[in-house]
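Structural characterization, general
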Amino acid sequence: MQAHDARVELVHRFFSGTGTTYDAVVHYATFGIDRRWKRRIIELLPPNPRRILDLACGTGSSTPAIAEQFPHCRVIGAELREEYLEIARSKIHKLGWPNVNFVLSRAEDYRSVEPFDCVVSSYLAKYADLERLIPVTKAMLRKGGLLLMHDFTYPPRPCLIPIWRLYF
Ligand SMILES: C[S@@+](CC[C@H](N)C(=O)[O-])C[C@H]1O[C@@H](n2cnc3c(N)ncnc32)[C@H](O)[C@@H]1O
């Protein structure tokens, strides 16, 4: 682990104190589309998974839905920030899903000896050290397992770039 990784410091600074408003901000800032994307992610998950990892699970905007969809699957949410993880834990506590565990960990440092059928992640790529993240994540997937990373991408059509810039 790099003790002074600028990415980690940026994440702590950027998200500090935003836990209670995060879900609403994402919902309105994406005009409600985030929920559709998250539903689509669940549709893409492999059938009958035994273990799924939700990397950078944040406040648990996907984790409970994954656990509900696959009640016999162990779902692990790993997240860098305790503030967000507390909110995710309390959502699961209220829902009572017994198949979820949360881990406070930087995604690049998380390891599991038991393989995952699928690793999902929303909006992590731009904050992570992908050169470290991708090999360690791949090593945790069972053979044929799926890595599903979801994020905003730069628009392929030049005419959309000014709108993209304005939005961000
Ligand atoms: C935009 S939020 C997305 C949260 C959640 N995945 C969602 O879809 O709502 C980005 C999250 O990534 C977490 N994060 C950023 N870098 C991380 C890293 N290297 N390891 C683990 N979590 C990280 C942040 O703390 C934050 O909770």
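Report follows, based on the coordinates. (Residues numbered from 1 in each chain as written. Predicted model: local features only at pLDDT ≥ 70, side-chain atom pairs only at ≥ 80, totals over all residues. Heavy atoms only, no water.)

**Quick look at the packing of helix H2 (residues 19-29) against helix H5 (residues 82-95)**
- Running from N to C, H2 and H5 cross one another at 75°; their axes reach a closest spacing of 9 Å. On the basis of the axis angle, H2 is roughly perpendicular to H5. Contacts between H2 and H5 pair Gly-19, Thr-20, Tyr-22 and Asp-23 from the former with Glu-83, Tyr-84, Ile-87 and Lys-91 from the latter.
- Residue composition of the contact of H2 with H5, by class: three nonpolar, two polar and three charged. (Axes fitted to C-alpha atoms, helices over the stretch in contact; angles between N-to-C directions. Helix = DSSP H or I, 4+ residues; strand = E, 2+ residues; numbered from the N terminus. Parallel < 35°, antiparallel > 145°, perpendicular 65-115°, else oblique. Contact = heavy atoms within 4.5 Å. Nonpolar A, V, L, I, M, F, W, Y, C, P; charged D, E, K, R; others polar.)

**Brief notes about helix H3 (residues 33-44)**
- Here H3 spans 17 Å end to end across 12 residues, near enough to the 16 Å set by a 1.5 Å rise per residue.
- By the burial criterion, the buried members of H3 are Asp-34, Lys-38, Ile-41 and Ile-42. Seen from one end, H3 has its buried residues packed into an arc of 100°, which puts them on one side. Turned more than 90 degrees from where H3 packs its buried face, Arg-36, Arg-39 and Glu-43 sit exposed.
- Elements that come into contact with the buried residues of H3 comprise H2, helix H4 (63-69), strand S4 (116-122) and strand S5 (141-150). (Expected span 1.5 Å × (residues − 1). Buried < 20%, exposed > 50% of the residue type's maximum accessible area, 1.4 Å probe, protein only. Arc of directions from axis to C-beta.)

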